[in-house]
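Okay, here's what each chain looks like letter by letter:
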Amino acid sequence: MEFFRCLFGVALLCGVSAQTYWMQPRQQHQLPPSFQKPEQQSKVPPALPPFDKCVLKEAEKIQCGTPDITVTQCQDINCCFDGRQCYYGKAVTVQCTRDGQFVVVVAREATLPPLDVSSISMLESNDVLCGPVDGTSSFAIFQFPVTACGTTLKDDEDYVVYENHMASSYEVGIGPKGSITRDSHFELLFQCRYSGTTVEALVVEVNPVPPPVSVAAAGLLRVELRLGNGQCFSKGCLEEVAAYSSFYSSSDYPVTKVLREPVYVEVRLLGRSDPNIVLNLEHCWATPTPNPQSVPQWDLLVDGCPYHDDRYQTTVIPVDGSSGLEYPSHYKRFISKMFTFVASDTYNHQKDTVFIHCATAVCYPSSTDSCEQQCHRPRRAAVEKVPSSQKVLVSSGEVILSETAPATLQKR
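Everything numeric in this text was worked out from a predicted model, so none of it was measured.

A. Focus on the overall build of the protein. Each helix and strand in the protein was counted, giving three helices and 28 strands. Here the protein holds 412 residues, and 52% of them are scored as buried. Here the protein displays about 19,400 Å² of accessible surface, and carbon together with sulfur accounts for 50% of that area.

Given below as structure tokens:
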């Protein structure tokens, strides 16, 4: 399977006005300290942020504005104030200076999942001078003249408008039956609008992204696939253990998740009391529709083992006597990171829904086969020999890709 980077599009339009500058000095572009408060312009009411953009560690804070800036001035330029200093929040901040400079600051946590800020670049220019002037692992900082880096000039009644685009690259995994991504897709369209009396900034920024359900299969072998939703509430709690303490019910579906959020899957054998039999997962995969034979598809487990060509490999969770289950061998658990299907030709988002399917089989241990699925060395394929009556295909309900993190995720 191949992995490569590509660019993608826009989701949310909101207006942001700002007129200050990033305070780390650079000899190429010294910015004057005086700015005029712009009139705020918004085409669509901005969505409420899923978390407090101003909560940052001290080491992450980057100064916004002059050292003597007031609280009101700081808020007017869309920055945060902690009582001592004005700093950039976990968002996208576009600022226009009166001497004709763009200053664009993109936070890693402007999207869910967080962006790789080092992957952001201008769409219209590959000039090295148009790259980030500085940054950290949490922020990318761009600063350039409004006449450079592919900026287009427009007339809009009483304004002269300078417009440009930037975007992040993202990684696409290409499998034999489909393509997916787990990265956020970010594109920013931004403007500086100049008139005789005001300077304004307009921002078009990104939205993040939604997950699955459980059904029991009928037949001689009854198997259920369900999704865990338990949470940790105490120190030292293991999330991969707590997640399987409770499960979504049929009324909870469809459930929603964001990209890379863990999806806790449990497959269990129903109505059997023989402690010797073992439930095995022959193959688990995902599709964008309820039909397990539909394409595209993405493998999660192959012969009970994580699909090796997935960069975010599925994690198999051992189920043994310590689980507290009466028949541990009747259960299989694994964790997959939420993803979305992309078109095989354009690599644009294709479907924001995911259904998980597993082909299961019951294995009877013998002196020559313990029924244990070995993932690091060749194993005997005894499971392949069980009667068809002891095999079942079981599927999840709908998992929807979400644009914002659920409240439970935000609290973690």
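B. Structural view of the environment of C232. Checked against the element boundaries, C232 lands in the loop between β16 (222-228) and α2 (239-242). In sequence terms C232 and S245 are 13 residues apart; their C-alpha atoms lie 9.9 Å from each other. If we ignore the near neighbours within four places in the chain, the residues touching C232 are C237, L238, E239 and A242.

C. Broad picture of the nonpolar core. Among the nonpolar cores identified, the biggest contains 31 residues, and L227, V265, V267, F334, F339, V354 and I356 are the most heavily contacted of them. Broken down by secondary-structure element, the contributors of at least two residues to this core are β16, β18 (262-270), β19 (278-287), β20 (298-302), β26 (353-363) and β28 (399-401). Grouped together as the second largest cluster of nonpolar side chains are 24 residues, C96, C130, F144 and C192 included.

D. Spatial organisation of unusual backbone geometry. A cis amide bond, omega 0°, links Y253 with the succeeding residue P254. Within the element layout of this structure, P254 appears in the loop between α2 and β17 (255-257). Here the residue pair V295 and P296 is connected by a cis peptide bond, since its omega of 5° sits within 30 degrees of zero. Following the sequence through the fold, P296 ends up in the loop between β19 and β20. Its identity as a non-glycine residue notwithstanding, N78 has a phi of 70°, on the positive side. Here N78 shows up in the loop between α1 (71-76) and β3 (80-81). Phi at D303 takes a positive value of approximately 55°, unusual for a residue other than glycine.

E. A look at the layout of surface pockets. Empty space within the second largest pocket amounts to approximately 430 Å³. Take the lining of the second largest pocket: its biggest share by element is four residues, from strand β23 (residues 331-337).

F. Looking closely at the pattern of salt bridges. Overall, the coordinates contain ten salt bridges when judged by the stated rule. Residue E58 is joined to K61 by a salt bridge in which the shortest nitrogen-to-oxygen separation is 2.8 Å. Note that R84 and D82 form a salt bridge whose closest N and O atoms lie 3.7 Å from each other. A residue is classified by how much of its surface remains accessible, and D82, at 27% relative accessible area, is partly exposed. A network of salt bridges, in which partner residues are shared, links E58, K61, D82 and R84.

G. View of the state of the cysteines. Inspection of every chain in the model, using the stated rule, returns nine disulfides. The disulfide partner of C96 is C192, and the S-S distance across this bridge is 2.0 Å. Around the S-S axis, the bridge from C96 to C192 shows a dihedral of about -100° and counts as left-handed. Here C96, found in strand β5 (residues 92-96), pairs with C192, found in strand β13 (residues 187-194); they are 96 residues apart in sequence, far enough to count as distant.

H. Looking closely at the side chain of T181. Examined against the element boundaries, T181 turns out to sit in strand β12 (residues 178-181). Setting aside residues no more than four positions away along its own chain, T181 makes contact with Y170, E171, L259, F339, T340, V342 and H349.

I. Expanded view of the packing of aromatic side chains. According to the stated counting rule, one finds eight aromatic pairs in the structure shown. Residues Y244 and F247 carry aromatic rings whose centres are separated by 6.4 Å and whose planes lie at 50° to one another, so their mutual orientation is tilted. Like Y244, the residue F247 is buried in the burial classification. The cationic tip of K61 hangs over the ring face of Y87; the distance from NZ or CZ to the ring centre is 4.6 Å. The residue whose ring lies beneath R226 is F247, and the NZ or CZ to ring-centre distance is 3.6 Å.

J. Structural context of the sheet that holds β5. One open sheet accounts for four strands, arranged β5-β6-β9-β8; its pairing is antiparallel. A single partner strand is all that each edge strand has here, and the edge strands are β5 and β8 (134-135). Sheet analysis places β8 next to strand β9 (residues 139-145), joined by two bridges and oriented antiparallel. Within β9, the residue paired with G135 across the bridge is A140.

Parameters and conventions
Residues numbered from 1 in each chain as written. Predicted model: local features only at pLDDT ≥ 70, side-chain atom pairs only at ≥ 80, totals over all residues. Heavy atoms only, no water. Helix = DSSP H or I, 4+ residues; strand = E, 2+ residues; numbered from the N terminus. Buried < 20%, exposed > 50% of the residue type's maximum accessible area, 1.4 Å probe, protein only. Areas by Shrake-Rupley, 256 points an atom, 1.4 Å probe, with all protein chains shown as cover. Contact = heavy atoms within 4.5 Å. Core = buried A, V, L, I, M, F, W, Y, C linked by side-chain atoms within 4.5 Å. 1 Å grid on protein atoms, 1.4 Å probe; cavity = no way out; pocket = protein on both sides within 12 Å on 5 of 7 lines; lining within 4 Å. Points joined across faces, edges and corners; volume = space filled by probe spheres on them. Salt bridge = Lys/Arg side-chain N within 4 Å of Asp/Glu carboxyl O. Disulfide = S-S within 2.5 Å. Phe/Tyr/Trp six-rings, centres within 6.5 Å; stacked < 30°, edge-to-face > 60°. Lys NZ or Arg CZ within 6 Å of the ring centre and 35° of its normal. Pairing = 2+ DSSP bridges.

Spatial relationships are all this shows, so hold off on functional conclusions.
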